[in-house]
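One letter stands for each residue in the lines below.
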Amino acid sequence: MAENPLQTILELDPKLMGHLKQTDEFVYTDGAITKKIKLLMAMAFDAANGAVQGVRSLAQQAMREGATKEEIAETIRVAYQLSGIGSVYTASQGLKDLFL
């Protein structure tokens, strides 16, 4: 598994990381929207914001929650429609090790 991209902050400020973990647990819990859909939404945001590692990590998490290859592809379409071609380039880089 790849190194945690927040490893430096974890070592520098474990209290902050504890807060972030609690927030993640709160946000990504199944509710009116399933955890899978929330992870796909977050993946679209990361694609739109150029976060290659975030796309990869969120796609993996979404797949563990049952997301299909087709659902991931359609999520990238939404990111593209709202944010432009850069999101497609970011998603391609983030997903290449998962699907090629």
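In what follows, the structure referred to is the one given above.
Residues numbered from 1 in each chain as written. Predicted model: local features only at pLDDT ≥ 70, side-chain atom pairs only at ≥ 80, totals over all residues. Heavy atoms only, no water.

Visitor: I keep staring at the overall build of the protein chain and nothing clicks. Help me out?
Guide: Across its full length, the protein chain holds six helices and zero strands. Scanning the protein chain from its N terminus toward the C terminus, one meets helices and strands in the order α-α-α-α-α-α. The C-alpha radius of gyration of the protein chain comes to 14 Å, within 12% of the 13 Å expected for a compact globule of 100 residues. A buried classification covers 25% of the 100 residues belonging to the protein chain. In the protein chain, the share of contacts with a sequence separation of at least 24, taken over all contacts with a separation of at least 6, comes to 58%. (Helix = DSSP H or I, 4+ residues; strand = E, 2+ residues; numbered from the N terminus. Rg over C-alpha atoms; globule rule 2.2 N^0.38 Å. Buried < 20%, exposed > 50% of the residue type's maximum accessible area, 1.4 Å probe, protein only. Contact = heavy atoms within 4.5 Å.)

Visitor: Can you help me understand the pattern of salt bridges in this one?
Guide: Oppositely charged side chains can form a pair if their charged atoms are brought close together. Tallying each qualifying case throughout the model produces three salt bridges. Residue E65 pairs with K35 through a salt bridge whose shortest N-O separation is 3.6 Å. Highlighted residues: E65 in the loop between α4 (52-64) and α5 (69-83) and K35 in helix α3 (residues 35-48), separated in sequence by 30 residues. Overall, the relative accessible area of 36% leaves E65 in the partly exposed class. Owing to a relative accessible area of 28%, K35 belongs among the partly exposed residues under this scheme. With a shortest N-O distance of 2.9 Å, K36 and E71 are connected by a salt bridge. You can see K36 sitting in helix α3 and its partner E71 sitting in helix α5, a full 35 residues away along the chain. Look at K36 and you get buried, because its relative accessible area is 18%. On the basis of relative accessibility, which here comes to 25%, the residue E71 falls in the partly exposed class. (Salt bridge = Lys/Arg side-chain N within 4 Å of Asp/Glu carboxyl O.)

Visitor: How should I be thinking about the nonpolar core in this particular structure?
Guide: Residues M43 and L95 are the most contacted members of the largest nonpolar core, which totals 16 residues. Among the elements of the structure, α3, α4, α5 and α6 (85-99) are those that each provide at least two residues to this core. Ignoring anything within four residues of it in the chain, the contact list for L95 reads V55, A59, I72 and I76. (Core = buried A, V, L, I, M, F, W, Y, C linked by side-chain atoms within 4.5 Å.)

Visitor: Which parts of the structure should I look at to understand the side chain of S87?
Guide: Here S87 is to be found in helix α6. Within the local environment of S87, its side chain forms a polar contact with the backbone oxygen of A79, the two atoms lying 3.4 Å apart. Excluding residues within four positions of it along the chain, S87 makes contact with A47, A48, A79 and Y80. (Polar contact = N/O pair within 3.5 Å; in protein donor to acceptor, adjacent residues only side chain to side chain.)

Visitor: Please explain the packing of α5 against α6 as it appears in this structure.
Guide: Two numbers describe a pair of packed helices, the interaxial angle and the distance between the axes. Packing of α5 against α6 brings their axes to within 8 Å, and their N-to-C directions diverge by 160°. Taken together, the axes of α5 and α6 are roughly antiparallel relative to one another. Crossing hand, α5 versus α6: right-handed. Touching K69, I72, I76, A79, Y80 and S83 of α5 are I85, S87, V88, A91, L95 and F99, all from α6. (Axes fitted to C-alpha atoms, helices over the stretch in contact; angles between N-to-C directions. Parallel < 35°, antiparallel > 145°, perpendicular 65-115°, else oblique. Left-handed = near helix turned anticlockwise from the far one by under 90°.)

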